[in-house]
Structures are given as structure tokens and as C-alpha cells.
Amino acid sequence: MRELIVAESAGFCFGVQRSVELAEGLIREKGHCASLGQLIHNEDVVRALEAKGMRVVNTPEELRPGEAVLIRAHGAAPEVYAALEKAGAQVTDATCPKVKAIHTIVSRAAREGRFVLIIGMRRHPEVEAICGWCKEHRVLENPAETSLFLEENPDLLEKPITVVVQTTQTRSNFTECCEILKKRCTNAKIHDTICLATFTRQEEAAKIAASCDAMVVIGGRHSANSVHLAQICGEHCAHVQFIEGPAELELDRLRSADTVGLTAGASTPAWIIKEVRNKMDEIKNEEIKVEEPAVEKEMTFDEMLEESLKPIYNGDKVSGTVVAITGTEISVDLGTKQTGIIPTEEFTEDGTKLEDAVKVGDTLEAVVVRVNDVDGVVTLSKKRLDAAKIWNEVEAAVEDGTVMEGVVTEENKGGVVVSVKGVRVFVPASQTDLPRDAEMSQLLKKTVRLKITEVNKARKRVVGSIRRVAQAERRERTEAIWNNIEIGKHYKGVVKSLTSYGAFVDIGGIDGMVHVSELSWGRIHQPSEVVSVGDEIEVYVINFDREKRKISLGYKDPNGNPWTQFTNKYQVGDIAPVTIVKLMDFGAFAEVLPGVDGLIHISQIANRRIGKPGDVLTVGDVVDAKITAIDQEKHKISLSIRALSEPAPVEKAPVEEEKEEAREDALVYEVSADGTATGIAPEGETEA
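Being a predicted model, the structure only gives us computed values, none of them experimental. (Residues numbered from 1 in each chain as written. Predicted model: local features only at pLDDT ≥ 70, side-chain atom pairs only at ≥ 80, totals over all residues. Heavy atoms only, no water.)

Student: Got a minute to help me understand the sheet that holds strand β9 (residues 188-190) in this structure?
Tutor: With parallel pairing, the four strands of this open sheet are ordered in space as β7-β6-β8-β9. The open sheet has two edge strands, β7 (137-140) and β9, and neither has a second partner. The mean angle between the axes of side-by-side strands here comes to 20°, regardless of whether they run parallel or antiparallel. Two elements, strand β6 (residues 115-119) and strand β8 (residues 161-165), share five bridges in a ladder whose sense is parallel. In the sheet register, leucine 117 faces β8, and the bridge partner there is valine 163. Each of β6 and β8 is contacted by helix α4 (residues 97-111), which is oriented at about 165° to β8, the strand it contacts most. In this fold helix α6 (residues 143-152) packs onto β6 and β7, with an angle of close to 145° to the strand it touches most, β7. (Pairing = 2+ DSSP bridges. Helix = DSSP H or I, 4+ residues; strand = E, 2+ residues; numbered from the N terminus. Axes fitted to C-alpha atoms, helices over the stretch in contact; angles between N-to-C directions. Contact = heavy atoms within 4.5 Å.)

Right, dumping it as C-alpha cells:
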């Protein structure tokens, strides 16, 4: 053997360490005590404790009256607690907090009428204790059992099921079982309750075993986590020795291996690991290179315990790893004798899903709220620590002018309250950026940006201003628009107000005006016929005056120009259906297309002489007319109904009458603003 690699995670886990410490404390206090079942799955440790004054009992009935008894890390069923109370025992509960978390999960499932599936070793004391907290349940040891159970119980597939896993199970076994359950069960809640320390130890063992010629695993034959550890190493290394102590070590089989790995289960004390390590050193040659393990740094097991027994006080800032998550609390391994507990509501108050906020394996910082040495539990608050950090940010924001973001949560007479990362910030009404008579309620539940203007930490008073940020942002947007504005450029805007002559539109901090003539190609009398206050519309720049800060905008689409549509559709000589829209003494105006009118001169209305257009036509009539002339420059159209009629019978008339008629036919017009037509032009030249 040339190289020895020792796993850093080898040895006691938190739960076992806590059990041993509580046992030694009871022995020192009482002189003797009892353990309900073997305290841990390690004969050497059990014998050492027995020598000090701890005896092992298997049932509550074996206890002496008033005897101090320790419930081991594996936990116990409710009926065991009841029997201990009936026997008058002085109970010290050393149940591992990770196991306690499983009891909480299955107890809740029982109250909710859910069927419980436990992935684990059926005869293991931890699993037996978990079963005691359930109602309807089943223990499944592997994927094959899981699949067979579901096939034999199809009625469970759609029922509510809660799934937990023994804390010392292998990740691969749990994952394979879960894959089967997820595919078959439609209403299953799966809780990953594998201890993080177990998972870390298994991962490290697999990695070391894959790179070694031989592997040594130290642990009790009845220790589930040790057995699984040996199995995992066997999957990656051909030669694995599973031993309980140095006496079982086969040195001859290790001599031919270049690299040997060493790990140990959670019930193996540091001194046994060291003894095995020392014995393996006997076969090392001078070239051996040993990777120093964490256990080597711990001079003795007592020193290791002392390090973990450092006191924790209210108000301390601590850091730890999330090892279990239930519906009500999150368990955090602090590396001490106590387990940290954080209420789940601290992560879900704002509607966040718990699984999105925190996961097993996450490292959290929190502040100590309460220490319960009796139960070995420390109540923590991440929210309080976060709040303290936020207060520091808020105080700094006053000095550096940082813009912060928050949600408006309340309104009152004087203004609104904004929650900025959990800190209440009061914003006076004058600083909300709302008009004087506006309702503050319109800001509720909205996300706003604000500046902190005043902080009084002693009174927990913070004042802010939304208006300062809004004004600064408006100035920035305004300058950006003036720096980039050009004729024809399009903007998305909001109609702010209406007048008789047009609409004012906010295009991002600047108001421009759309004249009534630019709102529609058709005839309108008021801007309100086209737009309303609050409408979001797209406009384009017609003109602007940078010095006077005025912008003229257009709204009607150039592609919708009625004259363009008319010229694309008709030409001189075409016949079009037209609608009579106005009657005058000299003729009738008719709509050819919406927004395009033509003139039918009185001489072109009928194939006979008429006194006035109203003798033949009525406003609203739809008639066919021939397009006789188009003035592209002036946008004028001449129409004729007469051109589509049969010629009138020719009657001989006095010369004077003929001249008069010819003169009347030749009378055309120039149309003034009030509709008056004057002037003389050749027949057929009319104005629209």
C-alpha cells in the first residue's frame, strides 16, 4: 500500500454525537441511567457507556421506578412515550431532529387522511418508530417492492399519498422508488428526508472508492448507514472490507493495493477510526503519502465534542445547512449539539412557494431567537437577520441617494406605506407623485421606485419620496426625446386631455398636440369622436419647435388617405355608386368614398331641364354616376348622372330661350366657404 485516503466525513454524525453527549450528561448527573434500545449501532461505544453506568433496556416495563431513561436518536413511537410516562420514567429525548421532522410529516399526513409510504429498512428502529406516528402506511425497501405494491393496490394510485424516506437511505434507492411513484400516483407528496450528512458521506465514499484499489468501511453490522456505505463502495471498488474495528482488518489483502480508501459510518467514534488508521500504517512503506483527514485534526473525541458544545445565545448570528423541510419548519444543522429550526412562514409570507425559496443543502444565515437546551433545539429567524441587513441598506440609501423599489401595502390620510424588502417606508401624499385630489388607493399593490429621505432607526421610522424619482425619470425621458426627435418619427403615447381644436398626447414625458384635422380623414366635429382620455395611440411628428418646446403630431394613417384610395380605384369614365350628401342651388355633392366627395352640377343631374336639384334628388339617395373629370392638384371630382340617361326628346324652342338655356348650362362655379357658387366655365367643368 503506497497511499491511504481517509474520508473527511467519516465518523459521528450530529444526531449520534448529540445522543452520546446527552447520555454522558445523564450519567454524570444521575450516576446511572438506561437507554431504550442500543443507543447507537456500535458495540464498542455501547460497552464504554455501560462501563460508565448506562444499561440497555428493550421495553419500558424493564425500567426501575423513577429511573432516568434516554430515547435514542432513532426515536420512538407515541405508545412508547405513553408507556414511559405510565412507568414514571424520567425521560430525556435524544431523537435526532431530522427524524423528528419525519414524525411531524407523517403525523400531519395521518390527520389529513393520507396514506403514508416509507422508503427504508423494514426492521430498522428508526423506521419502526416512524410507523408508530402513522395510521395507514406501508414500508417499501426497494424499487421492486414499490412497483409490486402499486400493482397489487391500484385503488391507491389516485388517493392522497405522502412519501418519506429513512434518513440513512441511499440516494439512488430513494430516487428509483420515487420515479416509479411519480409515474403511477397522481396525488403524491414526496418528502426528501435523507440526512444531508448521510448523503455527503455516501457521495464522498463513492468518489474515493472509484479511485482506489481497495476500500475499508468501519461501522456496526446493524448500522443502516454503514451497511449502505459498504454497498456504495462495492459498486465502485472490487475489494471492500466492512469491519467494526481494527481487529477485523485483513492487512495481507491491503498490501498488494497501491491506493486504499478509508471511511466510517455515522455511529463510528473518532478513536476507532484512529485505531484502524494506525494499524493500516503498519504496512505502509516509506513512500506512502497520506491525505490528512478531518478526524486527524481532532486530537481526541472529547475535544471534538467540546468544539460542538460551544454555547449559543439569543441574538447570535449563526450559519448552517438545511437538512430537512416540512410543512411548518426548516431544520438547519448548525454544527453544534442543537438543531436550528426556522418557521416556513418566514419564506412564504409574500406568496412564494416553499420549494422555490429553500432547498435541502442550502446554506442559511439567521439570528438566534430562543435556545431550548432541554429539547436540543434553537429557534432561528432568517427574516430578522435579513431585516437588520435591509436597515443598513436603507440607512446607506439616505446618504448615497440610492433608488429603492417596493410595493405599496397601505394607504392612510397622510399618504401611503411602501414595503421595501420588509421595511415599512411612509410616503407623504405630497411625495406620491399623484395629483392633489387623486385617490391614494390607486397605488395599492403597485411596485414603485422611491428615494429614502429620512431614517430614524430608534423609532423605526422611514420616510421616502416617489415623486423625486418620478421627476428625475421624467426629466431623463424628456431630454432623451428632444435629443432624438425628428419629423416623421413615430411614438406610442397616451391621450392626456381633449379640447375643441385637438388632443394632447403624452409621448413619454412630453405632451404634443394632434390637431382635430389630423385625427381623421373623415369629417369630425369634436376630437372625442375619435379618441378618449387615457387611450394609448400611436402618433407621428409633423413638426416641432425645440426652443418653444412645442410638438405637432399626426394620428391619421397616411396610408388611409381617402384621395389615394380613390385614385387607386377609379379614373375618368368609370361609373361609381355615390351617396347624395348635400343639395345646393347649383347642384348636388355626392360621396364617392368616405372622405371623398364629387359635384354633380344641376345640368348633369337629369336629361331634362330642372328647376333645382331637390326636384330629382334627396340627401341620402344612392345613385350611379359617371366620373367626368378629376383634378389631381385640387382634389376635385366632376360627376354626371345625365351621362348615364337616355337623351331627352329634342324640342324646338325660341332662339332667345335656347340662348338662355345654353347660358344656364354653361354656368359653373367657384365654391366659397359658405357654399356659394359663382363664376362661368365651359360646360362639364365642375368643382367638388
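Student: I'm lost on the packing of aromatic side chains in this one. Help?
Tutor: The geometry of an aromatic ring pair is captured by two quantities: the separation of the ring centres and the angle between the planes. Using the criterion set out here, one finds five aromatic pairs in the structure. Judged by centre distance (6.1 Å) and plane angle (25°), the ring pair of phenylalanine 115 and phenylalanine 149 falls under stacked. Of this pair, phenylalanine 115 sits in strand β6 while phenylalanine 149 sits in helix α6, and the two are 34 residues apart along the sequence. Of the two residues, phenylalanine 115 and phenylalanine 149, neither departs from the other in class, the shared state being buried. (Phe/Tyr/Trp six-rings, centres within 6.5 Å; stacked < 30°, edge-to-face > 60°. Buried < 20%, exposed > 50% of the residue type's maximum accessible area, 1.4 Å probe, protein only.)

Student: Could you clarify how one ought to interpret the pairing of strand β31 (residues 596-601) in this entry?
Tutor: Two faces, one strand: in a regular strand the side chains alternate between the faces of the sheet. Counting buried residues in β31 gives six out of six residues, a clear majority hidden from the surface. The alternating pattern of β31 places Val596, Gly598 and Ile600 and Asp597, Leu599 and His601 on opposite faces, both of which are buried. Two strands pair when backbone bridges link them, and strand β30 (residues 587-593) and β31 are joined in this way by six bridges, in the antiparallel orientation. Within β31, the position partnered with alanine 590 by the bridge is glycine 598. For β31 and strand β33 (residues 636-640), the ladder comprises two bridges, and the chain directions are parallel. For isoleucine 600, the partnering residue across the bridge sits in β33 and is leucine 639.

Student: Whenever I open this one, the sheet that holds strand β25 (residues 502-506) confuses me. Can you help?
Tutor: Strands belonging to one sheet form pairs held by backbone hydrogen bonds; the direction of such a pair is parallel or antiparallel. In spatial order, the strands read β24-β25-β26-β28-β27; together these five strands close into a barrel with mixed pairing. Across the sheet, the mean angle separating the axes of adjacent strands is 55° when strand polarity is ignored. Looking at chain direction, strand β26 (residues 511-515) and strand β28 (residues 550-554) are connected through two bridges and run parallel. By the bridge assignment for β28, valine 514 is matched with leucine 553.

Student: Hey, could you run me through the side chain of threonine 432 in this one?
Tutor: Mapped onto the secondary structure, threonine 432 falls in the loop between β21 (423-428) and β22 (447-456). A relative accessible area of 2% means that threonine 432 is categorised as buried. Separated by 3.4 Å, the side chain of threonine 432 and the backbone nitrogen of leucine 434 make a polar contact. With sequence-adjacent residues up to four places away left out, threonine 432 is seen in contact with Val416, Val427, Met440, Leu443 and Ile466. (Polar contact = N/O pair within 3.5 Å; in protein donor to acceptor, adjacent residues only side chain to side chain.)

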